[in-house]
Amino acid sequence: MKNIEGGVCAPIGFKATGIHCGVRKNKDKKDLSLIVSDVMCHSASTYTQNKVKGAPIYVTKEHLKNNEAIAILCNSGNANTCNEDGIDIANAMCDLCAKELNIKAEDIIIASTGVIGQPLSLEPFELHMAELVESLNENGSHDACLGIMTTDTMPKEYAVEFELNGKICHIGAIAKGSGMIHPNMATMLAFVTTDVSISKEMLQQVIVEVVNDTFNMVSVDGDTSTNDMLSILANGLANNKEIQIVNEDYQTFKEALYYICECLSKGIAKDGEGATKLLTCKVNHAKTIKDAKIVAKSVITSSLFKAAMFGKDANWGRILCAIGYSEASLDIDKIEVHLSSIKGDVCVCRSGKGYPFSEEKALEILSEDEIEILIDLHDGDDNATAWGCDLTYDYVKINGDYRT
């Protein structure tokens, strides 16, 4: 497997684009994106578990009852959530796009991101849908990525190439996410394309498996968005033997997909609103996978711990506190904690008690922009990793007047 350029256009048979259509006031910001396959795709999605859901999610769920789609349409700047006519707007957007592409509206995955509870006019899409479709091209992934961003400060776009039984295959992806990030499904928005031939059943299975260990292990601020969705299109144009069971090809595909999703997850965590540090919490030797995940996410979501990381303060007691109030099964007296970065490693806790360390060395380690929290529970054989970021003054500044 190797990293390649091209994002969602790296797989054979995909085009993409992104334009400014007028949903966002800033004309320099793209706010409408489209990804299209040359042929019908097998498709799968995971969605937010928030009880309040964006209108596009209801429409997409209806469209994907047959697990087939050929296009993904997404606007930024308005979440189309809690709107009386939201579903009508989402359906109308699909109708406009379908007419221009000469496809069926139900073959389109639709998504929106932005401010919740604000009316969304159909007019920008009526005026610019033809322009959007006309601008589709094989190098349009980056524009599509820019078109789905909101408070993101950097695009999140990846692609890989790998081999299945002598056939060269590809996976590409774009994602957005910076705030309101505490997924219980996928991420804010992530769109994945592949030319691998894989059955609908196996595609849905692999997406769930990978999402549970990547996007569902990310937290920026503890808020689960109303519009979270990850969708994948697989058009089969690599002409590999279709993956119909869990076999070696399935595992190879899963490893490549995991890599892509891990890169996106880390990118989202690092780009957290106001963040200055990427925090990676690795939990080893837990009784069960569930316990390992619970501990990792409990630490990464602790506001007190996140604030300490912003302040470069090796306040390891906050780590133990977060472990202790989690619902994981563990023995406090066995816990060992290290803080690590490219500047080195310090043990701050052993056997559940404080361990002497150099504050000067800890400060040097915590001054880096990527920090690892290494927790050994010494209680089993299972491991898990979660990603997050520090909590800064700028997070409050950004969200204090986000709407106005």
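Higher on the page you've got the structure.
Residues numbered from 1 in each chain as written. Predicted model: local features only at pLDDT ≥ 70, side-chain atom pairs only at ≥ 80, totals over all residues. Heavy atoms only, no water.

Enquirer: Residue-level account of the nonpolar core, with values.
Expert: If you look at the biggest cluster of nonpolar residues, it comprises 69 residues, and the most contacted ones within it are Phe-253, Leu-257, Ile-373 and Ile-375. Top contributing element to this core by residue count: helix 6 (residues 248-270), with 9 residues. With residues up to four places along the chain from it excluded, the contact list for Ile-373 reads Leu-279, Thr-280, Cys-281, Lys-282, Val-299, Phe-305, Ile-319, Val-337, His-338 and Leu-339. In this structure, Val-36, Leu-101, Ala-105 and Ile-108 belong to the second largest nonpolar core, which totals 28 residues. (Core = buried A, V, L, I, M, F, W, Y, C linked by side-chain atoms within 4.5 Å. Buried < 20%, exposed > 50% of the residue type's maximum accessible area, 1.4 Å probe, protein only. Helix = DSSP H or I, 4+ residues; strand = E, 2+ residues; numbered from the N terminus. Contact = heavy atoms within 4.5 Å.)

Enquirer: I'd like a rundown of the packing of helix 7 (residues 289-300) against helix 9 (residues 317-325), residues and numbers included.
Expert: Contact pair helix 7 / helix 9: the axes reach a minimum separation of 8 Å and the direction vectors enclose 130°. Relative to helix 9, the element helix 7 is oriented oblique. In the packing of helix 7 onto helix 9, the handedness of the crossing is right-handed. Packed against helix 7, whose contacting residues are Val-295, Ser-298 and Val-299, the element helix 9 presents Ile-319, Ala-322, Ile-323 and Tyr-325 at the interface. A class-by-class count of the residues in the contact of helix 7 with helix 9 yields 6 nonpolar, 1 polar and no charged. (Axes fitted to C-alpha atoms, helices over the stretch in contact; angles between N-to-C directions. Parallel < 35°, antiparallel > 145°, perpendicular 65-115°, else oblique. Left-handed = near helix turned anticlockwise from the far one by under 90°. Nonpolar A, V, L, I, M, F, W, Y, C, P; charged D, E, K, R; others polar.)

Enquirer: Break down the pairing of strand 6 (residues 156-164) for me, citing the residues and quoting the values.
Expert: Bridge count for strand 1 (residues 2-3) against strand 6 is 2 bridges, and the pairing is antiparallel. Note on strand 6: the bridge partner recorded for Asn-3 is Val-160. The pairing of strand 6 with strand 7 (residues 167-176) spans 9 bridges and is classified as antiparallel. Within the sheet, the bridge partner assigned to Val-160 lies in strand 7 and is Ile-171. Here strand 6 folds back onto strand 7, and the loop between the two strands holds 2 residues, one of which, Asn-165, carries a positive phi near 50°. (Pairing = 2+ DSSP bridges.)

Enquirer: Tell me about helix 2 (residues 86-101), residues and numbers included.
Expert: In this model, helix 2 (16 residues) spans 23 Å end to end at C-alpha, consistent with the 22 Å of a helix rising 1.5 Å per residue. Where the residues of helix 2 are buried, they touch strand 3 (32-47), helix 1 (55-63), strand 4 (68-78), strand 5 (108-115) and helix 3 (123-134). A positive phi of about 60° marks Asn-102, the residue just after helix 2. (Expected span 1.5 Å × (residues − 1).)

Everything listed here is a matter of coordinates, which is why it stays silent on function.
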